[in-house]
Amino acid sequence: MTDIVPIRRALISLSDKSGLDELAAGLAKAGVELVSTGGTLKANNLVEVERIMDISSRLVVNQAALKLKQAPMRELIDVFRRATETAAA
């Protein structure tokens, strides 16, 4: 049987915020530290209490996929570009 490891910290990043209050309340009641990427804070008019670390992401694209599946790959790249531009604003 596998040992159960308690969850101590949870990163929350949701596109659909419905039910977030209940989820956050349940996790907090269980003693889980909640961490947000920023969008959740802004959407709920909350403030950062402690900065744990800055993070970044990288999109790695297979060159063959970029050539063979150009339209869907460009669409995905554009989604990432818009997301990073929105986050930077």
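Located above this text is the structure these notes cover.
Scoring rules and cut-offs
- Residues numbered from 1 in each chain as written.
- Predicted model: local features only at pLDDT ≥ 70, side-chain atom pairs only at ≥ 80, totals over all residues.
- Heavy atoms only, no water.
- Salt bridge = Lys/Arg side-chain N within 4 Å of Asp/Glu carboxyl O.
- Helix = DSSP H or I, 4+ residues; strand = E, 2+ residues; numbered from the N terminus.
- Buried < 20%, exposed > 50% of the residue type's maximum accessible area, 1.4 Å probe, protein only.

Engineer: Teacher, can you tell me more about the pattern of salt bridges here?
Structural biologist: Between side chains of opposite charge, pairing is possible as soon as their charged atoms come close. This model, assessed by the stated rule, comprises 2 salt bridges. Put simply, arginine 9 and glutamate 33 hold a salt bridge, and the shortest N to O gap is 3.2 Å. Placement of arginine 9 in strand 1 (residues 9-12) and of glutamate 33 in strand 2 (residues 33-36) is noted, with a sequence separation of 24 residues between them. On the basis of relative accessibility, which here comes to 48%, the residue arginine 9 falls in the partly exposed class. For arginine 81, the salt bridge goes to aspartate 78, with nearest N and O atoms at 2.9 Å. Here arginine 81 pairs with aspartate 78, and both are found in helix 4 (residues 70-88), just 3 residues apart, close to one helical turn. Note on arginine 81: relative accessible area 43%, which makes it partly exposed.

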